[in-house]
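As a plain string of letters, each chain reads:
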Amino acid sequence: MTTARGRAATTALAATCLLAIVGGAGAGHATGRTTTALAWRPCPDAGDKEPAPAGLQCATVAVPVDWTHPGTATVDLAIARVPAADPHQRVGVLLVNPGGPGESGVDEVRQADQLLPGLRSRFDIVGFDPRGTNASAAVSCTPTIERRTAPTSQHQLDAFTATSRTVDDACLARVGPLLVHMDTASVARDMDTIRQALGEQQISYHGVSYGTVLGQQYAQAYPTRVRAMVLDSVVDHTDPWPVRVRDQVAAQEDTFHAFAGWCRTNPASALRGHDCARVYDELLAHADKHPIPAPHSRTGNTVNGDDIAVFLFAVLPGQQRWPDVTQALAQARAGDASIIRTALDNDDEPDAVPPPTITPVRPPADTSGDDAHQAVLCDDWPMTLTSYTAITAFETRMQEQAPRYETRIGARLEYGAPTTSSFTQCAGWPTTPNPPTPITGNRRPAILFINHRYDLHTPYPGAVRVHHQFPQSRMVTYDAVGHVAYGTNACVTTTADTYLTTGRLPHTDLSCRPGA
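It should be emphasised that the depicted structure is a prediction, and the values quoted were computed from it without experimental measurement.

S.K.: Quick question: what am I supposed to make of the state of the cysteines here?
M.R.: By definition, a disulfide is the covalent link that joins the sulfur atoms of two cysteine residues. On inspection of all chains with the given rule, the structure shows five disulfides. Bridging Cys141 to Cys171, the disulfide has an S-S length of 1.8 Å. Of this pair, Cys141 sits in strand S8 (residues 139–141) while Cys171 is found in helix H3 (residues 154–175), placing the two residues 30 residues apart along the sequence. There is a disulfide in this structure between Cys263 and Cys276, and the S-S distance comes to 2.1 Å. Judged by the sign of its S-S torsion, about -75 degrees, the cystine formed by Cys263 and Cys276 is left-handed.

S.K.: In this structure, what is going on with helix H13 (residues 403–410)? I would like to understand it.
M.R.: The periodicity of an α-helix, 3.6 residues per turn, causes residues three or four places apart in sequence to face the same way. For H13, the buried fraction is high: six of the eight residues fall into the buried class. The set of residues buried in H13 consists of Arg404, Tyr405, Glu406, Arg408, Ile409 and Gly410.

S.K.: Looking at this structure, how should I read the pattern of salt bridges?
M.R.: It is possible for side chains of opposite charge to pair when their charged atoms get near one another. This structure, assessed with the given rule, holds 18 salt bridges. The salt bridge partner of Asp236 is Arg465, with a shortest N-O separation of 2.8 Å. You can see Asp236 sitting in the loop between strand S10 (226–232) and helix H6 (241–265) and its partner Arg465 sitting in helix H14 (residues 460–468), a full 229 residues away along the chain. Exposure remark for Asp236: the relative accessible area of 6% places this residue in the buried category. For Asp239, the salt bridge identified is with Arg465, shortest N-O distance 3.0 Å. Of the two residues, Asp239 is situated in the loop between S10 and H6 and Arg465 in helix H14; the sequence distance between them amounts to 226 residues. Under the relative-accessibility criterion, Asp239 is labelled partly exposed at 23%.

Parameters and conventions
- Residues numbered from 1 in each chain as written.
- Predicted model: local features only at pLDDT ≥ 70, side-chain atom pairs only at ≥ 80, totals over all residues.
- Heavy atoms only, no water.
- Disulfide = S-S within 2.5 Å.
- Helix = DSSP H or I, 4+ residues; strand = E, 2+ residues; numbered from the N terminus.
- Buried < 20%, exposed > 50% of the residue type's maximum accessible area, 1.4 Å probe, protein only.
- Salt bridge = Lys/Arg side-chain N within 4 Å of Asp/Glu carboxyl O.

Structure (structure tokens):
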């Protein structure tokens, strides 16, 4: 699930919103039933994107904006497909969704040769831009407000909620009902319309990150239409938002402990043999009292404890960089924080400081305010902590649960968006048509779930909870740090490809290790 957004003004009292029609897809009216015939044509030029795979075609299909009133307004969905490279070995259709929410399934099909090389010969790869995104009548509200803020009183929270409601109501009046019908349950119904338009009795599906919510909801609504389904980096939409936030905060602390264990034992660590958690804690305490010089950095600014925390948690998701991280910490411990300062200053000069392999980092930021992203989240997740007292109590629990991350970063507004600010992003939203609910139904298809053991975006416990709600499913745990495992590890990728092509799940849950 992607989240990245810089700060913006929070005082706008009204918004001018428009419905951006992109690539010929738009919203319209229909008094009859939804059109499902597909007229395939060459896809528009994608400019500077990767060369298109052979046979790439595009089409549109109309679906109701409001599935509870299918005879009224419709929206055109942009679809792309590339046929199976070996028609004689063709298995069927593989629908794909890259997550986001709001990422382009059409673009994923354009990259099918790179992203799905093991499946290209056996499947027609099909993707679509979900309603209200990209070339499927992308919604846009301009100007808008910074959704994630950190009120310091109930009065501030109430005032922010009122401002948000004014902005959202103005946007809804201009955009129309599509804004509050971008929920994933509606997208699941859209996907079944696409299945019908393709003339397929069943589909296979490969979804990553937020695309796993779509997979879960499709599997629940249309269990007999699923031939095979792989869900990688699983978002748990069966529990309320505070549970998801709790899991993400816990994942930060769990990943720190994984790093500390690696740091103590791995030969590539510059701090091998040391209690690295203790080294880190002592280094921060020292830097708080005596900021550490950074003589070889471009700015020469000193480094304090907060700087070290921001540096560490920004680079922790990149496990391949851990050797350089330990070198940075070891040098700072010796009195030279140039590596850390250089990274924080976003200094990309290759000769600024050895080693040059650490990618310059910025403090974590939240960009979830993209309008389509915002609409999907708020249509799928209600704001469940609505009082300042409840929000501050939650923050206290998070600091107890994840003291290294939360007290230094998660509770600090100056480092992007604090943890509790996620509870304001849907304040004042008109409606939540698709709130989290447990998976139900007697017929639940067999699914292959995949998740990193340490995933800061889609934490492992959520994946396990969803896995347990599909009794016939299997779980592949990639024992590493990261997000989206398919295509990064041979064990994971081979297991998924084998299941998708044969329809046979592994006999038991599996664990894959880096390098396997």
